[in-house]
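# Structural overview
The chain contents come next:
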Amino acid sequence: MKVTLKILLAVAVLLLAYMCYRSIMTPKEFDAEKERRETLIKQRLIDIRKAQIEYKNIHKVHAANFDELSKFLKEEKLPFLIKEGVLTDEQLEKGMTEKEAVKKGLIKRDTIWVTAVDTLFGKGYNVDDLRNVPGLAIQFSMDTATLTSSSGYTVKVFQCGVLYDDYLGDLNKQLVYNLKDRAQKMNKYQGLRVGSVEEINNNAGNWED
């Protein structure tokens, strides 16, 4: 009987130790995986923002969806400046401008037209993957709107993001709930996003606030 009690006590001690260990490690593991995923997501959102800003520069509105944005990147062309040579320290000290140096043939500057994706991101960039949340089988949501500023001007805005439930949903449910609850209490977006269709924020990422 004593042996049985000792075994049960030992099991209980081991179980308690394991539970204490998990209570410490689970949040750490969650935070590490959250940070890994969010690093990739933020970079993708920054790329989307960059493409949307250039789209608006050309079309005066944002792309309404990823099909429009992808078509723009693949098919439309933007100017790309090729530079050969730079002004020397001596030329700069003499007050020579780049325009003067080009005119004299000392340096070369030439503008060519290349596809938007090559201009913005360089050759080999996978446009078709832009809509996908990195490493997960889900896509970003995107929306556009027209807001009125405090001074009465209308401003075209867009929003692109992904919710905690979508990119962290396979992790610890309680910790995901805590993130959502905190965001809700602070009246914040429950995930990561750039831009906003509710306020004019200069296309900022909500992690950049």
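This one's a predicted model, so the numbers in the text were calculated from it and none came from an experiment. (Residues numbered from 1 in each chain as written. Predicted model: local features only at pLDDT ≥ 70, side-chain atom pairs only at ≥ 80, totals over all residues. Heavy atoms only, no water.)

## Re the overall build of the protein chain
The following threshold applies: Helix and strand definitions here come from DSSP, where helices need a minimum of 4 consecutive H or I residues and strands a minimum of 2 consecutive E residues; each element is numbered from the N-terminal end. Each residue's exposure class comes from its accessible area (1.4 Å probe, protein chains only) as a fraction of the maximum for that residue type: buried when under 20%, exposed when over 50%, partly exposed otherwise. Contact definition: two residues touch when any of their heavy atoms are within 4.5 Å.
Scanning the protein chain from terminus to terminus reveals seven helices and five strands. Listed N to C, the secondary structure of the protein chain is α-α-β-α-α-β-α-β-β-α-α-β in terms of helices and strands. Looking at the 209 residues of the protein chain, the share that counts as buried comes to 32%. Sequence-distant contacts in the protein chain: of pairs separated by 6 or more residues, those separated by 24 or more amount to 63%.

## Let's talk about the pattern of salt bridges
Close approach of charged atoms lets side chains of opposite charge pair. To be explicit about the condition: Salt bridge criterion: a side-chain nitrogen from Lys or Arg within 4 Å of a carboxyl oxygen from Asp or Glu.
Within the structure shown, the criterion is met by 11 salt bridges. Here Lys34 ties to Glu38 by a salt bridge, and the two come within 3.2 Å at their closest N and O atoms. One end of the pair is Lys34 and the other is Glu38, both in helix 1 (residues 2-59) and four residues apart, which spans about a single turn. Judged by its relative accessible area of 17%, Lys34 falls in the buried class. In this structure, Asp165 engages Lys180 in a salt bridge whose closest nitrogen and oxygen atoms are separated by 3.0 Å. Taken together, the residues span a long stretch of sequence, with Asp165 in helix 6 (residues 164-168) and Lys180 in helix 7 (residues 173-185) at a distance of 15 residues.

## Digging into the nonpolar core
One recurring pattern in soluble globular proteins is that nonpolar side chains are buried together. Condition: Residues grouped as a nonpolar core are buried Ala, Val, Leu, Ile, Met, Phe, Trp, Tyr and Cys residues, joined through side-chain atoms within 4.5 Å.
Judged by nonpolar contacts, the single largest core of 34 residues is most densely connected at Ile48, Leu73, Phe140 and Cys160. Elements that contribute at least two residues to this core include exactly helix 1, helix 2 (66-75), helix 5 (116-121), strand 4 (154-163), helix 6, helix 7 and strand 5 (191-195). What Cys160 contacts, discounting residues up to four positions off in sequence, is Leu45, Ile48, Phe66, Phe140, Ser141, Met142, Leu192, Arg193 and Val194.

## What about a nonpolar patch on the surface?
We count it as follows: Each patch is assembled from residues with relative accessible area greater than 30% and no salt bridge, linking like charges that lie within 9 Å and nonpolar side chains (Val, Leu, Ile, Met, Phe, Trp, Tyr) that lie within 5 Å. Method for areas: the Shrake-Rupley scheme with a 1.4 Å probe, in which residue coverage is limited to the protein chains shown.
Among the surface-exposed residues, Phe80, Ile82 and Ile112 lie close enough to one another that they form a single nonpolar patch of about 210 Å² accessible area. Residue Phe80 is classed as partly exposed on the basis of its relative accessible area, which comes to 37%.

## Quick look at helix 2
Owing to its 3.6 residues per turn, the α-helix aligns residues three or four sequence positions apart on the same side. Note the cut-off: By construction, the arc corresponds to the directions joining the helix axis to the C-beta atoms. N or O atoms within 3.5 Å of each other form a polar contact, as long as, within protein, one can give a hydrogen and the other can take it, and as long as residues adjacent in sequence are counted only when both atoms are side-chain atoms.
Turning to helix 2, its buried residues are Phe66, Leu69, Ser70, Phe72 and Leu73. Within helix 2, the buried residues cover an arc of 160 degrees as seen down the axis, which keeps them to one side. Exposed side chains of helix 2 directed beyond 90 degrees from the buried face belong to Asp67, Lys71 and Glu75. The N-terminus of helix 2 is capped by Asn65, whose side-chain oxygen sits 3.1 Å from the backbone nitrogen of Asp67.

## Regarding the pairing of strand 3 (residues 141-148)
Definition in use: Only when DSSP finds a minimum of two bridges between them are two strands counted as paired.
Pairing of strand 3 with strand 4 involves eight bridges; the strand directions are antiparallel. If you follow Thr146 over to strand 4, its bridge partner there is Lys156. In this structure, the hairpin formed by strand 3 and strand 4 is closed by a connection of five residues, where Gly152 is found at a positive phi of approximately 95 degrees.

## Focus: the environment of Thr119
Note that Thr119 resides in helix 5. Under the relative-accessibility criterion, Thr119 is labelled partly exposed at 22%. C-alpha of Thr119 to C-alpha of Lys77: the two residues are 42 residues apart in sequence and 8.3 Å apart in space. With near-sequence residues (within four places) excluded, Thr119 lies in contact with Leu78, Pro79, Phe80 and Val114.

## A closer look at unusual backbone geometry
Keep in mind that most residues, glycine aside, have a negative phi and that most peptide bonds are trans. The phi torsion at Lys60 lies on the positive side, around 70 degrees, for a residue other than glycine. Locating Lys60 in the fold gives a position in the loop between helix 1 and helix 2. Notably, Asn203 is not glycine yet its phi reads approximately 65 degrees, a positive angle. Tracing the chain through its elements places Asn203 in the segment after strand 5. Asn203 gets classed as buried once you look at its relative accessible area, which sits at 16%.

## Re the sheet that holds strand 3
Put simply, the rule reads: Angles run from 0 to 180 degrees between N-to-C directions of axes, and those axes are lines fitted to C-alpha atoms, restricted for helices to the stretch in contact.
Across the sheet, three strands lie side by side as 3-4-5; this open sheet has antiparallel pairing. Each edge of the sheet is formed by a strand with only one pairing partner; in this case those strands are strand 3 and strand 5. Between one strand axis and the next, the sheet turns by 25 degrees as a mean value, whatever way the strands run.

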